[in-house]
Amino acid sequence: MLDKIRALLDEISVVSATTREEVEELRIRYISKKGVINQLFSEFKEVHPDLKKEVGKALNDLKNAAQDKINALKEAFEAGADGQAGLDLTRPGDSVHLGTRHPLAIVRNRIIDIFGRLGFTVSEGPEIEDDWHVFSALNFAPEHPARDMQDTFFIEKNPDVLLRTHTSSVQIRVMEHTQPPIRAIFPGRVFRNEAISARSHCIFHQVEGLYVDENVSFADLKQTLLYFAKELFGENTKIRLRPSYFPFTEPSAEMDVSCSICGGKGCNLCKYTGWLEILGCGMIDPNVLEACNIDSHKYTGFAFGMGIERITMLLYGIKDIRLYFENDVRFLRQFESAI
Ligand code: DAH
């Protein structure tokens with residue numbers, strides 16, 4: 001009898017349960033009316049009178065130990081404790097929230113990917129710049145209005161320390177250090193002293209592109225941009241180049257894509273023109289090549305620059321540029337399934 005009691009005591013000290021049902025099974029097995037301990041109590045009358053005292057005490061200890069153990073296991077479940085006993089493997093799991101990329105990052109990555117397939121590498125330049133890289137080397141005349149305080153953020157009243165107003169500055173930094181062939185794009189953040197509204201912001205993002213080599217022509221520019229537009233907006237997209245002016249390109253153009261909503265028929269988005277403007281481009285002005293010590297008689301090149309906010313607005317039908325910067329999860333969660 002004493003051996004049986006000791007064996008049961010050992011057993012009870014190590015038992016565990018992973019569900020409430022298992023605790024209940026243990027309760028029935030050990031301490032219910034028909035449980036093994038009660039069984040021993042009913043055999044107690046057969047114990048030799050000399051041993052009754054010792055066996056009786058051991059039996060009572062066993063009963064208390066079993067009761068304590070069952071109570072402890074029950075408590076663990078009720079408190080929802082994390083211990084082994086509280087682990088309910090049948091409980092449905094918590095749903096996992098997918099992280100989201102910011103829509104501007106999604107579109108920037110797509111642009112990088114498309115030009116990557118054409119052999120364009122990626123470089124970045126500093127956001128805090130000097131006059132030379134943002135204006136002078138890009139052929140801006142000394143009195144050009146873009147240098148005006150109204151457009152440009154200058155730092156500490158020093159006109160030679162400023163926040164770049166466009167990523168064209170990275171063209172200069174790359175051409176200063178690399179001889180052609182150069183084929184690269186430059187994504188980055190730019191700053192302009194503009195009032196914040198639904199359509200404009202003082203901080204935004206651009207991707208600049210540059211291709212310099214022997215015999216690069218306007219036809220190369222056009223084909224590159226046509227491929228890009230089809231990849232980004234869809235196979236049926238058409239492009240149109242309108243003559244324009246930028247100090248650093250000659251000739252210069254602005255590129256429109258056929259409206260992605262109405263396909264060119266005319267709708268609200270394209271203001272019934274059938275076209276959406278997405279970038280500026282042109283053949284690099286020889287003055288710019290010479291400013292970077294690139295022989296403009298030997299080499300020609302094209303450049304282009306686009307705003308990521310605007311393209312993202314067109315792709316996703318976003319109507320207010322401020323949404324990009326507010327970090328409202330209700331806005332950001334809508335991009336959960338995008339890559
Ligand atoms: N830097 C121009 C802007 O911010 C965009 C641009 C236009 C870039 C024409 C170019 C270009 O490289 O050729 O508006």
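Nothing here was measured: the structure is a model prediction, and the numbers come from that model. (Residues numbered from 1 in each chain as written. Predicted model: local features only at pLDDT ≥ 70, side-chain atom pairs only at ≥ 80, totals over all residues. Heavy atoms only, no water.)

Further remarks concern the pattern of salt bridges. Counted by the stated rule, this structure contains 17 salt bridges. The partner of Arg 117 in a salt bridge is Asp 113, and the shortest N-O contact between them spans 2.9 Å. A residue pair is termed a helical-turn pair when its members lie 3 or 4 positions apart in one helix, as Arg 117 and Asp 113 do in helix H5 (residues 103–117) at four residues. Take Arg 117: its relative accessible area is 45%, and that puts it in the partly exposed class. With relative accessibility at 43%, the residue Asp 113 sits in the partly exposed group. In this structure, Glu 129 and Arg 173 form a salt bridge, with 2.7 Å as the shortest nitrogen-oxygen distance. Taken together, the positions of Glu 129 in strand S2 (residues 128–129) and Arg 173 in helix H7 (residues 168–177) put the pair 44 residues apart, joining distant regions of the chain. Accessibility expressed as a relative area gives 25% for Arg 173, which makes it partly exposed. One network of salt bridges, with partners in common, ties together Arg 240, Arg 242, Glu 254, Asp 256 and Glu 277. (Salt bridge = Lys/Arg side-chain N within 4 Å of Asp/Glu carboxyl O. Helix = DSSP H or I, 4+ residues; strand = E, 2+ residues; numbered from the N terminus. Buried < 20%, exposed > 50% of the residue type's maximum accessible area, 1.4 Å probe, protein only.)

Each strand in a sheet pairs with its neighbour through backbone hydrogen bonds, running either in the same direction (parallel) or in the opposite one (antiparallel). Reading across from one edge, S2-S4-S3 is the order of the three strands in this open sheet, with antiparallel pairing throughout. On the outer flanks of this sheet lie S2 and strand S3 (154–155), each paired with one strand and no other. Judged from the two bridges that link them, S2 and strand S4 (residues 158–163) form a sheet pairing that is antiparallel. Its bridge partner lying in S4, Glu 129 is registered against Leu 162. (Pairing = 2+ DSSP bridges.)

A few words now on the domain arrangement of the chain. Looking at the assigned domains, one finds that the chain contains domain 1 (2–78) and domain 2 (103–335). Placing the centre of domain 1 and that of domain 2 at their C-alpha centroids yields a distance of 80 Å. (Domains from an automatic or database assignment.)

Quick look at the site of the ligand now. The ligand sits among 15 residues. The nearest are His 166, Ser 168, Arg 192, Gln 206 and Glu 208. For the ligand, an oxygen atom lies 3.4 Å from a polar atom in the side chain of Gln 171. Expressed as a share of its isolated accessible area of 350 Å², the protein-covered part of the ligand is 88%. At the level of elements, H7, strand S6 (203–213), strand S9 (275–284) and strand S10 (300–307) are the ones that each hand at least two residues to the shell around the ligand. Partitioned by chemical class, the residues of the shell around the ligand number five nonpolar, eight polar and two charged. (Near = heavy atom within 4 Å. Polar contact = N/O pair within 3.5 Å; in protein donor to acceptor, adjacent residues only side chain to side chain. Areas by Shrake-Rupley, 256 points an atom, 1.4 Å probe, with all protein chains shown as cover. Nonpolar A, V, L, I, M, F, W, Y, C, P; charged D, E, K, R; others polar.)

Here the focus is the side chain of Ser 200. Note on placement: Ser 200 falls in the loop between strand S5 (182–191) and S6. In this structure the side chain of Ser 200 is engaged in a polar contact, spanning 3.1 Å, whose partner is the backbone oxygen of Ala 195. In this view, Ser 200 contacts Glu 194, Ala 195 and Ile 321; residues no more than four positions away in its chain are not counted. (Contact = heavy atoms within 4.5 Å.)

So, on to the pairing of S9. Regular strands have side chains that alternate between both faces of the sheet. The element S9 is largely enclosed, with a buried count of eight among its 10 residues. As judged from the eight bridges shared by strand S8 (residues 249–258) and S9, these two strands associate in the antiparallel manner. Note that in S9 the partner of Asp 256 across the bridge is Glu 277. The pairing of S9 with S10 spans five bridges and is classified as antiparallel.

Right, let's get into the sheet that holds S10. Spatially, seven strands are ordered S1-S5-S6-S10-S9-S8-S7 in an open sheet, and the strand pairing comes out mixed. Strand pairing shows two members of the sheet lacking a second neighbour, strand S1 (121–122) and strand S7 (239–246), which therefore form its edges. Along the sheet, H5 contacts S1, S5, S6 and S10; its crossing angle with S5, the most-contacted strand, is approximately 165 degrees. (Axes fitted to C-alpha atoms, helices over the stretch in contact; angles between N-to-C directions.)

Right, let's talk about the environment of Gly 234 for a bit. Topologically, Gly 234 is positioned in the loop between helix H8 (218–233) and S7. Spatially, the C-alpha atoms of Gly 234 and Lys 74 are 62 Å apart, while their sequence positions differ by 160 residues.

The α-helix winds at 3.6 residues per turn, so residues separated by three or four positions along the chain end up facing the same way. Its 16 residues place the ends of H8 22 Å apart at the C-alpha level, agreeing with the 22 Å of an ideal helix rising 1.5 Å per residue. Turning to H8, its buried residues number three or more, namely Leu 221, Thr 224, Leu 225, Phe 228, Ala 229, Leu 232 and Phe 233. The arc that holds the buried residues of H8, viewed along the axis, is 135 degrees, so those residues lie on one side. The opening residue of H8 is Ser 217, an N-cap whose side-chain oxygen sits 3.2 Å from the backbone nitrogen of Ala 219. (Expected span 1.5 Å × (residues − 1). Arc of directions from axis to C-beta.)

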